[in-house]
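Commentary on secondary and tertiary structure
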Amino acid sequence: MDLVKFVLGRKEDKNNFSEISCQTPDASVEETNTKLLFTEIHEGSLYFCSEQRKVAVCGQEIDLTAKEFDALQLLITNSKRVMTFETISYQVWGEEYVGVTVKAIHNLMSRLRQKLQTEPDMPEYIVSIRGVGYKFEPQEAIR
């Protein structure tokens, strides 16, 4: 629910969010006129869609685990904000966050970085803030 509030609050922000009409071939007129907000984010060669749980880099779809996707979603929806280890563990692991170690978060982020970096010369999207946590830094800002 927080993500919906975040997206709706930033809709006019031109932050690469797209509003897409969702229609099916046999939809009624009422359904056809209903618009759904899909959180689609395009950052350089990265494509992210939260509703379809789809991530692609350079047009190639990336297969992420549920926790990897949740971590990326947390970072990307809080772009350029540092997410602490505690915040990441609570948001990604939910009620089981108490036993999550910093090492487990580092391992998760390492796997996520490897999957997002499809070519060796591509900059990373996820930046480590030593001793604090991680943040999503768009590709253009890194270069």
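Residues numbered from 1 in each chain as written. Predicted model: local features only at pLDDT ≥ 70, side-chain atom pairs only at ≥ 80, totals over all residues. Heavy atoms only, no water.

Describing the pattern of salt bridges
- Scanning all chains against the criterion turns up 5 salt bridges.
- Residues Arg113 and Glu124 are paired through a salt bridge, measuring 3.4 Å at the closest nitrogen-oxygen approach. With Arg113 in helix H5 (residues 102-116) and Glu124 in the loop between H5 and strand E8 (126-129), this pair connects stretches of sequence that are 11 residues apart.
- The shortest N-O distance in the salt bridge between Lys135 and Glu137 comes to 3.3 Å.
- When salt bridges with common partners are traced through the structure, they connect Glu68, Arg111 and Lys115 into a single cluster. (Salt bridge = Lys/Arg side-chain N within 4 Å of Asp/Glu carboxyl O. Helix = DSSP H or I, 4+ residues; strand = E, 2+ residues; numbered from the N terminus.)

Details of the packing of helix H3 (residues 66-77) against helix H4 (residues 85-93)
- At a minimum axis separation of 9 Å, H3 and H4 run at an interaxial angle of 130 degrees. Between H3 and H4, the crossing angle belongs to the class labelled oblique. At the point where H3 passes H4, the crossing takes the right-handed sense. Between H3, through Lys67, Asp70, Ala71 and Leu74, and H4, the contact on the second element is made entirely by Thr87, Ile88, Gln91, Val92 and Trp93.
- Grouping the constituent residues of the contact of H3 with H4 by class yields 5 nonpolar, 2 polar and 2 charged. (Axes fitted to C-alpha atoms, helices over the stretch in contact; angles between N-to-C directions. Parallel < 35°, antiparallel > 145°, perpendicular 65-115°, else oblique. Left-handed = near helix turned anticlockwise from the far one by under 90°. Contact = heavy atoms within 4.5 Å. Nonpolar A, V, L, I, M, F, W, Y, C, P; charged D, E, K, R; others polar.)

Here we look at the environment of Leu46
- In this structure, Leu46 sits in strand E4 (residues 46-49).
- Of the residues examined, Leu46 reaches a relative accessible area of 1% and is grouped as buried.
- Separated by 11 residues in the primary sequence, Leu46 and Val57 place their C-alpha atoms 4.6 Å from one another.
- Leaving out residues up to four positions away in the same chain, Leu46 has contacts with Ile41, Val55, Ala56, Val57, Ile76, Leu116, Tyr125 and Phe136. (Buried < 20%, exposed > 50% of the residue type's maximum accessible area, 1.4 Å probe, protein only.)

What to know about the pairing of E8
- As judged from the 4 bridges shared by E8 and strand E9 (residues 133-136), these two strands associate in the antiparallel manner. Bridging from a neighbouring strand, Ile126 pairs with Phe136 of E9.
- Connecting E8 to the next strand, E9, in antiparallel fashion are 3 residues, including Gly131 with a positive phi near 75 degrees. (Pairing = 2+ DSSP bridges.)

Digging into H4
- All buried positions along H4 are accounted for by Phe85, Ile88, Ser89, Val92 and Trp93. The arc that holds every buried residue of H4, seen down its axis, measures 95 degrees, which confines them to one face.
- Looking at the packing, one finds that the buried side of H4 touches H3, strand E7 (83-84), H5 and E9. (Arc of directions from axis to C-beta.)

Examining the sheet that holds strand E6 (residues 60-62)
- Strand order in the open sheet formed by 4 strands is E3-E4-E5-E6, with antiparallel pairing between adjacent strands. Both edges of this open sheet fall to strand E3 (40-43) and E6, since each of them pairs with a single strand only. Within this sheet the neighbouring strands show an average axis-to-axis angle of 20 degrees, counted without direction.
- Examined bridge by bridge, E3 and E4 share 4 bridges and lie antiparallel to one another. If you follow Ile41 over to E4, its bridge partner there is Phe48.

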